[in-house]
Amino acid sequence: MEEHFQEDLASLSELDEKSLLESLTGRFSRNHIYTYIGDILVAVNPFKQLPLYEKEVSERYKCHEKSSLPPHIFAVADRAYQSMLGRLGTGPKNQCIVISGESGAGKTESTKLLLRQLMELCRANSQLEQQILQVNPLLEAFGNAQTVMNDNSSRFGKYIQLRFQNSSVKGAKINEYLLEKSRVVHQDEGERNFHIFYCMLAGISPRDKEMYGLLDPTQYRYLNGRFVQDDMVQHWSAKYSEVSNAMDMVGFEEQEKVDMMTILAGILSLGNITFETTDSDALKVSEKSQGWLKATAGQFGVQEEELLRCLTCTMSVTRGESIHRLHNQQQAEDARDSIAKVVYGRVFGWIVSKINELLSHKLDSDVALSEIGILDIFGFENFAVNRFEQLCINLANEQLQYFFNHHIFLMEQNEYKEEGIQWETIIFKDNKPILDLFLTKPIGILSLLDEQSAFPQATDGNFVDKLNSKFKANPHFELVKSHSPLFTIVHYAGKVQYNASGFLEKNRDNIPANIRALFINSVTPLLSVLFAATISRTGTLMPRKAKLQAVDDNFNSTRKQSVGAQFKHSLAVLMEKMFAASPHFVRCIKPNSSKLPDQLDSKLVMDQLRYNGLLETIRIRREGFSWRPFFKEFAQRYSILLLKPDMPLDKESCISILNTTELRGWKCGSSRLFFKYWHQEELARLLERLGKAAVVIQKNYRAVSCRRKYLVLLAEVRRQQQAQREREMEEEMRRRQQLLEEEERERQLLMEQENKRPVSPPVPLPRKKKPEPRPRSILTGIAQSSHLAPVPRPRSKQFEATPFDNDLQENSDLMKLLGQPGDEERAKEKRKRRNNTIRWFKETQVRKVARNGTFPCWFHGMITRRQAEDLLTDKPLGCFLIRVGQSREGYTLTYRGTDRCRHYMIEMQSNGKYVILGEDRAHSSLPDLVQYHTQVGIKPLMELLTIPCGQQCDHEPDYEELKAVVAPAMLNSSSVDTEEDIYEEPDQVHLKLQRLFLPPGQNPGLDANKPPVLKRVSDRRRHLEAAELEHKAEEETEHIGRPVPRLYPSIRLAMREIQQIQQQFSASQEQTAVPSHKSRGPWRKKDS
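What counts, and at which threshold
- Residues numbered from 1 in each chain as written.
- Predicted model: local features only at pLDDT ≥ 70, side-chain atom pairs only at ≥ 80, totals over all residues.
- Heavy atoms only, no water.
- Pairing = 2+ DSSP bridges.
- Helix = DSSP H or I, 4+ residues; strand = E, 2+ residues; numbered from the N terminus.
- Axes fitted to C-alpha atoms, helices over the stretch in contact; angles between N-to-C directions.
- Contact = heavy atoms within 4.5 Å.
- Salt bridge = Lys/Arg side-chain N within 4 Å of Asp/Glu carboxyl O.
- Buried < 20%, exposed > 50% of the residue type's maximum accessible area, 1.4 Å probe, protein only.
- pLDDT = per-residue confidence, 0-100.

## Some remarks on the sheet that holds strand β15 (residues 494–499)
- With respect to topology, three strands assemble into an open sheet ordered β13-β14-β15, the strand pairing being antiparallel. Only two strands of the sheet have a single neighbouring strand rather than two, namely β13 (477–479) and β15. Across the sheet, the mean angle separating the axes of adjacent strands is 25 degrees when strand polarity is ignored.
- As paired elements, β13 and strand β14 (residues 486–491) share three bridges and run antiparallel to each other. Bridged to leucine 479 within β14 is phenylalanine 487.
- Lying on the sheet, helix α14 (residues 388–419) is in contact with β14 and β15; it crosses β15 at an angle near 150 degrees.

## Section: the pattern of salt bridges
- Under the defined criterion, the tally for this structure stands at 51 salt bridges.
- A salt bridge links arginine 1046 to aspartate 259; its shortest N-O distance comes to 3.4 Å. In this pair, arginine 1046 sits in the loop between α37 (1012–1041) and α38 (1048–1073) while aspartate 259 sits in helix α10 (residues 254–271), placing the two residues 787 residues apart along the sequence.
- Its relative accessible area of 38% is what places arginine 1046 among the partly exposed residues.
- In this structure, glutamate 415 engages arginine 628 in a salt bridge whose closest nitrogen and oxygen atoms are separated by 2.3 Å. Of this pair, glutamate 415 sits in helix α14 while arginine 628 sits in the loop between α24 (614–623) and α25 (631–638), and the two are 213 residues apart along the sequence.

## Some points on the confidence of the model for the protein
- This prediction gives the protein a mean pLDDT of 81; 81% of its residues lie at or above 70.
- A low-confidence stretch, residues 1030–1040 stays under pLDDT 50, and its non-local contacts, those more than four residues away or across chains, total six contacts.

## What to know about the sheet that holds strand β7 (residues 168–177)
- Pairing is mixed across the open sheet formed by seven strands, whose spatial order is β1-β2-β18-β3-β12-β6-β7. With one partner strand each, in any of the chains shown, β1 (34–37) and β7 form the two edges of the open sheet. On average, each strand axis in the sheet is inclined to that of its neighbour by 20 degrees, with strand direction left out of account.
- Against the sheet, helix α3 (residues 73–84) contacts β1, β2 (40–44), β3 (95–100), β6 (157–165), β12 (370–376) and β18 (582–589), and its axis sits at roughly 170 degrees relative to β18.

This is the structure we're talking about:
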């Protein structure tokens, strides 16, 4: 029975539908949701959380052997990464991972897991990995929605391109396909709008709701007047925090976020505008929705009258004359919904474009980069009512199925025939005729749709009639007899009936010229950019860099190219990228339609296995040869196994190489070798063994070589030192000789002078006391003092001193001999870096960090790593400080851990947010960062900040930099005398920082000459004035400092008007509900 639960279905002894289903069912019941079919992964959605994705599991699947661990999505990521680097049999080549399956089969979650593991594999000292991981939750919020089949269904497709240089990621690009914009204005029963609307309404604070102009969620028509249940409000609120943080992490500016949220609020307000006819049959906005019109105009940043004109009439120019055509009520409502759809679509396109701009690599264009692509595209859909969006979605899935069939069946079996390999052809379900039905020119479905869309008077019924006449004999097209415009396509996954109502309008997707002109002139910069942008052939938004006034009035690319044409071209570009890469396939299976855990519907699963062709896939993986390199390619890669240089790259060499291995089951064709899917790993294992041996040889050779060079250099240094000592001895001898000669000359001169004096009787001198000899220990100490070696200074009390801390003469000479720059050059470079950091701190950080000329207690200026460790030596676990980086623009958080101090780099992003390197959360300020990590640990050890490291004593700061930048007003009066001594010779860099915190017009040199009493009086006055200013500044910042919508006053007035109208309406309803026998009620109300 265990055979049926094997990890690789290609090794099943009995291959039929029953054994395949039993094997998958048995593994699913044991929570083994992953299964191999050779090198293809089958993933069954468990609809519950499983302990399969922890950090320990991720580490095990790094550079592992496939047979050593169970099947896993992490194994696919590792295989793609190692293949890109050329470590698995083949040379370096671009890779792509194709994830396919029904809606709700788990494709989006699989994409997130693949991305996470790839970022773990290429982890480097960069924040880019975390930014890439934050892209998914951001795009999910704006592009996913709840459907009847899936609570988190992707309503767009995306192809994520990760760019690598060697083994580290350098950039990323997102390609998006066919956002379902119609969902903004209409959702079927049991479905919801895009997630971002529910996130906003649940997560935005009441104050921000007033700023954006948001009211009760049940009032919005585009949300069907429904909101989430109370128990889900917390869920959506947490999602909003996650999305907001993702935007901060990726690098969106705060003003851009405010503008975007205001535009989304404007879309909701726009949906509440209703129309009514006047006595003259003209249209006007109903009284109840007058406030919504004002709110929408304020949120979009346009004039109310101009917005109303765009909704109620169309302007066209004929022979230089403007013609206004009034709308009827249906046309006005269509115009309203059209605006909502196009605005949301362009916001989404701008988000993707902004992500690509922020995550693009910063390398030169001539630098070669490798690539791994991940395709996460909407799954096959078959709803009760299938519209234009379902047609495009199912066409994309047909294209993916063809790509799979081409790689697994068609291309492989054709090569067997060309190379003369004996092979029994495996029959598979080819869906090429279905693709031809859609894409053939000029009579494909999309071509006919474009043809009908070009006629203004054509209807959806005309389009269906055209399809019926052209394809009635096609086996993949079925006619439907109905009064509605219906037709049926027989897809690879089954029959789907489409309702063609709205096909032509959605395919045209026209933007009226007056709408576009209105939004280009909006005072909201983001909305103006969105409508001044160009649209590429694939439907991608490309914001213009030029001035907005230079926009061509005749431009409207959506008018020139239909949605169907854009989608067809984008699919062609996608297939071109994927055919140029080595594919890895993940087939996702949906176990049941109820989205319940631990339940597997055998019929549903069997249907998916059939139309995915998994039975045939197992046969070709078991009997076929998935790896088919050419002779030259194989010989170049594996010639090292023969250990023979200059070997010819031909068939004989390849056979010689294979004969040295123990591989069995391979075949040789006329120009290729044919291998089973497991042969690559076995050959890679042989190369790895040789690689390890080469590393050992290189290590020992380099050790011997470096040792020889070191000994030669050391001998040279000693020779130079010996020569120097000899020169010094000769110089000393010469100097002594000169001294003796000078003494001799002086003695002779004195004798000559004595001889010239007149003779006189000698005068007896008093007898001198005999000098006592000096103590022996003193003489010894004096003699030896000049030969003492320097005493090493330990890094801190936690670290023992090492010989490398000593400034020995021999080591310094050796460094000079090795060509190290001199002390003077190093000091000059260090001063330059410090000045640059001071300038950065002065220009961008001083107002954010310092308050009233002082720092938070945990801030420690520009101290060194060693000084920070010394400060934390005797501190308890969890003590921390933050210091300014000395050689970079940023900060470092030093933390007292259990065994040693740890240093976490804090980076400032382009949008001014602070992020600890490797963390997934951005913070608006350093205090916010500190406050957050007092509650949430810092990864990977989850260390909590507990006690800030302040001063060493109560009288003076414990580090030099802070003494220079803190204003004199904040220094303690008891330490004035001490400080006067300290500031006698201040550093120029310190004076620069000191001037930042002095009041305007204050000279730092004057205070130094003041008496201590006057200093204390002026310091106290300055302290009180600064505290008042700080309090006022905080209040102003709270209300004015943060970005707000451009027309915030108009939005606020409109919201008040809406609320007043609603109150009047509810009051009138209450009044009519009063029983008629209470006659005095109305009179009281009238009197009041």
